[in-house]
Each structure stands twice: as structure tokens, then as C-alpha cells.
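# Structural description and commentary
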Amino acid sequence: MGDRGGLAVAAALVVILLGAAAARFVDLSTNPGGLNPDEAAEAVSARQILRDPGYRPVFIIEDGGREALFAYSVAAGFAIAGDNATTLRAVAAIWGILGVLGAWLIARRFGKGAGLAAGAWAAGSLWLIAISRDGMRNTFTPFFLAIALVALLAWYDRPTRRTALLAGATLAISSLYTYQALKLLPFLVLIWVLWLRRSDLVTFRRLVSQGGWFVASFLIVGAPMIAFAISDPQNYLGRAIGVSAFNPAIVLESDIPTHVLRTLSMFAFVGDPNVRHNVASLPMLSWPLVIFAIAGLVVLWRRRNNARHALILLSIPVFLIPPLLSTEGGSPHFLRALGLAIPVAVAIGLGAQDLGQRFSVVLTRIAASTPRIPPSLVTAASTGAFAAVFLALGISSAWAYLGRPEVDRREAFRFDLVDMAEAARPADAVIASEFDAFTVEYIHDDPQPTIVRPGQPIASGAFDRVLAVRVEELRAALGTEAAATAVPVAWDPAGQPTVWAVTLR
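Below, the structure is looked at part by part. Note that the structure is predicted; figures quoted are calculated from it, not measured. (Residues numbered from 1 in each chain as written. Predicted model: local features only at pLDDT ≥ 70, side-chain atom pairs only at ≥ 80, totals over all residues. Heavy atoms only, no water.)

Per the stated rule, a full pass over the model turns up 20 salt bridges. The residue Asp83 makes a salt bridge to Arg47 at a minimum N-O spacing of 2.9 Å. With Asp83 in the loop between helix H3 (69-81) and helix H4 (85-107) and Arg47 in helix H2 (residues 37-51), the pair connects residues that are 36 residues apart, well separated along the chain. Its relative accessible area of 33% is what places Asp83 among the partly exposed residues. Take Arg47: its relative accessible area is 9%, and that puts it in the buried class. Between Arg505 and Asp464 there is a salt bridge, with its nearest N and O atoms 2.7 Å apart. With a gap of 41 residues between them, Arg505 in the segment after strand E7 (497-503) and Asp464 in the loop between strand E4 (450-452) and strand E5 (465-468) connect regions that are remote in the sequence. Looking at Asp464, the relative accessible area reads 25%, which means it is partly exposed. Taken together, the salt bridges that share partners define one network made up of Arg47, Arg51, Asp83 and Asp445. (Salt bridge = Lys/Arg side-chain N within 4 Å of Asp/Glu carboxyl O. Helix = DSSP H or I, 4+ residues; strand = E, 2+ residues; numbered from the N terminus. Buried < 20%, exposed > 50% of the residue type's maximum accessible area, 1.4 Å probe, protein only.)

Attention now goes to the pairing of E5. A two-sided burial pattern is seen for E5, the buried positions comprising Arg465 and Leu467 on one face and Val466 and Ala468 on the other. When E5 meets E7, the two strands line up antiparallel, connected through four bridges. Paired with Val466 across the bridge in E7 is Val502. (Pairing = 2+ DSSP bridges.)

A separate point is the packing of H3 against H4. Remark: H3 packs on H4, axes separated minimally by 9 Å, with the N-to-C direction vectors making an angle of 120°. If you check the angle between H3 and H4, you find them oblique. Here H3 runs over H4; the crossing is right-handed. Contacts from Phe70, Ser73, Val74, Gly77, Phe78 and Ala81 of H3 reach H4 at Thr87, Leu88, Val91, Ala92 and Trp95. Here the contact of H3 with H4 is built from residues that sort into eight nonpolar, three polar and no charged. (Axes fitted to C-alpha atoms, helices over the stretch in contact; angles between N-to-C directions. Parallel < 35°, antiparallel > 145°, perpendicular 65-115°, else oblique. Left-handed = near helix turned anticlockwise from the far one by under 90°. Contact = heavy atoms within 4.5 Å. Nonpolar A, V, L, I, M, F, W, Y, C, P; charged D, E, K, R; others polar.)

Glancing now at the packing of aromatic side chains. This structure, assessed with the given rule, holds 17 aromatic pairs. Plain terms: the ring middles of Phe59 and Tyr236 are 5.5 Å apart, the flat faces sit at 55° to each other, and that makes the pair tilted. Here the residue Phe59 occupies a position in strand E1 (residues 59-60), and Tyr236 occupies one in helix H12 (residues 233-242), the gap between them amounting to 177 residues. Accessibility expressed as a relative area gives 9% for Tyr236, which makes it buried. Geometrically, the ring pair formed by Phe70 and Phe140 is edge-to-face, given 5.6 Å between the ring centres and 85° between the ring planes. Of this pair, Phe70 sits in helix H3 while Phe140 sits in the loop between helix H6 (126-132) and helix H7 (141-157); the two residues are 70 residues apart in sequence, bridging distant segments of the chain. A single burial state applies to Phe70 and to Phe140, both of which are buried. An aromatic cluster is present here, built from Phe70, Trp95, Phe140, Phe143 and Phe144 joined pairwise through their rings. Against the face of Trp195 rests Arg198, its NZ or CZ located 5.2 Å from the ring centre. Here Arg404 stacks its cationic end above the ring of Tyr401, 4.6 Å away from the centre of that ring. (Phe/Tyr/Trp six-rings, centres within 6.5 Å; stacked < 30°, edge-to-face > 60°. Lys NZ or Arg CZ within 6 Å of the ring centre and 35° of its normal.)

Take the environment of His444 next. Along the chain, the position of His444 falls in the loop between helix H19 (437-443) and E4. Excluding anything up to four places from it in sequence, His444 contacts Ala421, Ala424, Arg425, Pro426 and Pro449.

With that settled, consider the sheet that holds strand E6 (residues 487-491). Sheet architecture is open: five strands sit in the order E4-E3-E5-E7-E6, paired in mixed fashion. Two strands lie at the open edges of the sheet, namely E4 and E6, each paired on one side alone. Direction aside, the axes of adjacent strands within the sheet are offset by 30° on average. Here helix H18 (residues 415-423) sits on the sheet and contacts strand E3 (429-431), E5, E6 and E7; the angle it forms with E7, its principal contact strand, is near 35°.

Take a look at the structure:
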């Protein structure tokens, strides 16, 4: 019976992972389409890693500063499958699928049902589907957070030198080499260990006895990034500070109280307005999932003196800090909330498991009055009902993402920059900001057109043509008279010009 149950769980997990793959790979070559400069920056770095043996960064300072691990994984993808935007996004999708596996790995420690429900939610979450199909390092977050939590709980279960070393190394990789939000992981560990001192003093002392190995492992594995952070704190911390409330240059789209309220309401009432991270400003969770999550939070709170439950419960306020402090951009900001993906998955898994058990009890009582109904049928009916809910929600999410028309994606994914790069020739100049230039640089490989910054004057006859996505940029660079000769060279599906060109010679 145990073997049969194990096979059923394995089969269910395979189905969940296949569903996750379908939601992340279907139509990936054309949807979302375009190429946002943040994605292009990762691709440019990956290309340089492949082409330049001397280029082996730990931290990449371009594009606001970012950890280099994702660029290395993209470089591997380029080497295997070819250097193109589809490969870039396929690498992100693979990490997204691994994130689904990570959700199952951590949640299964709370029960088989919790693990499968958490994995099913992660596979079909609109939030995670959208992020997994963008070629950026944000997609790392669920997987690396999950394995860090798994390693910490393995250390808790068996506080030995080996588990301490493994936990320290995993924590270093997850917190230092992946994405900004996970830099709070060491803070979470500190709070959790102090919590254990109050709730489980015996285990606390056993962990502390191996703490030297844990810290040593963290410092050794994290040494390259720690060294960079010490030597160049401005670049290392620049991106985090630049998007936060500590940056006085940020112009808020709403006041601080509204930002906080919208961020706290993102689970059930409002969603990220950025179409790169979301669809139609939908909240993170639909109402059936909100009910599961609330039920899971109740379970976590009731069992908060248990170390496993406490770790998940404490991670929620810790990983709420980045979206609350980050006031740049739309509010709520789903990318900066990615540290919540695994705690939310566990809460949903626990809630579904708890409610499923209660539902089974009710069905069993009903079946007791009808002797012809076997108990196995009751269990199957309960499991099937909950599986149907997750399946329906997953299909709904995939449909919402894949069904968006191109017109809704063009601006966010900068189709116009791709059009300009494809229209340009080596003897041309294109007008693009430092940020927008990443897309042009990646799409139009060597030999490249000359990239000119907006507002920079261009001498008559210096290039064959000058291209821009706005006539105003041509006017600022060439003057009113020359800009009046601009003609469109690329159009959107509705027939509206997306790129303009002035011929100089």
C-alpha cells in the first residue's frame, strides 16, 4: 500500500511538472514577444561570457547592477540551443519549473497533500507563469529560496557538521548570487534561530554547537560576492537603494500609505499594473486560493512553536519588506514580492491539505449512511475535487497569459526597439538611451549601427540614416528641418509607425 501511495505521489508530481512546463513553454517564441532592455542586458552579458574568456564577473554593474549567476546559466543555454531571445526565455522558464519543484520539496515536509497542492499552485500561478517567461534573474527566486529552506530544515532535523556545511553553503548561494529580495535570507535565519532559543532550547543549543561550521561554509562560498560588495558597495547596493523609499529622487505614483495598502492588498484585491509581471492587474490569488492560504496561515500560527512552521511563518513578514520599501514603479510590484512565493505556496498547500481532510471527514460521514459506497471512493472524490480546483485555476491562468493580444504587450516588451534594431544597418545611427541600447545591441549583433544618446547632436552626412522610435528624438538630434523628412520604416499590426528614419546621404 505504501509503494502504491508513493507511486501515486510521484505520478501526480510528474503531471504537475508537465503542466508547469506547458504553461511556460507554449508559444514562447512569440509570446510575450519583443525584448525588454532588462532581458536584453542579461543576454548581452551571457554573449560576452561566451565570447570573452577573460570576462568572468561575479556581479555585473551594467543595467543598475545585478548578480551574474543568471547570465552564466543563459550563456550555457546559448551554447546548447543557440544565441537568441527564445533561448534566453527558455532558460528562465526552466528555472521557473525548478521553482515549482522547489515549492513541492519544501511543502512536502508538511505532508504529501501539502506538497502536491503547493506544487500545483506554483505550476498554475499566473504570477509565477508571467515571471518565468521573462528572461530575467527574478525567476531564480522560488527555487533558490525553497532549497535554502529545505537545507535549513535538514540542519534542524540533524544538527551535524555535514548538514551545517550544506545549509551554510546553500544559504550563501541563495542569498548572495541570485536576486535582491533573497539578501534578507540571513536575517530570516537569525530571527528563526532566536525563535528556537525560546521555543526549543535543546535544538537551539545543538544548532549553535555546529554554528561555526555553518558560518564558515557561508563565508567561504559567499567570499567572492562579499569581496565585491566590500570593494564596490555603491554598485552592489545601488539598485536596491535606487528603487526604495530611501532614494529621494523617486517620484511616487501614489503616496506612501496608498503604496503600503496596495502592497498588503495584492494577495486578494489588487495586482501589479505592469503587464510584464501580470495580466490585467489581477491580484496574486483568486478567491479559492485566498481561502486555502488563510486556512494554511491558521495552521502555521497554531503550530508556531514547531520549528518548521515557525520558519515559514516568519518568512512572510521578512519577505514583505522588499515590496513595502520599494516605491519605484507600479504598486504592488510582483517582482519585488517574489520572496513570498514559497511561503504562499506552503500556506496554500497546508490550507488545502487541512480543508481536504475536513472535507473527507464530511464525505465519510455521509457515506457511512450508504454502505454501498466504499471508503476508497470517498478518498478519491475528495482528492479529485481539490485537484479539479487547482487544474481549473491553472488552466485559467495560462489562458489569461497566452490570450493577451500583442497590442497589450508591445510597450512593456519594447517591440519598437526590436523593430528599430532589425531595421538598422551598420552604416546607420540609432537613437537610444543607455538602457534601451541593450535591446539594440543584442538584437543587432556585429557589425552594429552606431548608438547615439537622445539629445546628442548628429552632423549631417555622418551616417547613411538616423533611426529613432519618436520623431521628437530625431528633431533634437538633427534639427526641425531634417526631422521633417523622417519616414516610417517599421509599423505595428494596426499600421501605426513604430520606427522613423531620416536619410542623411
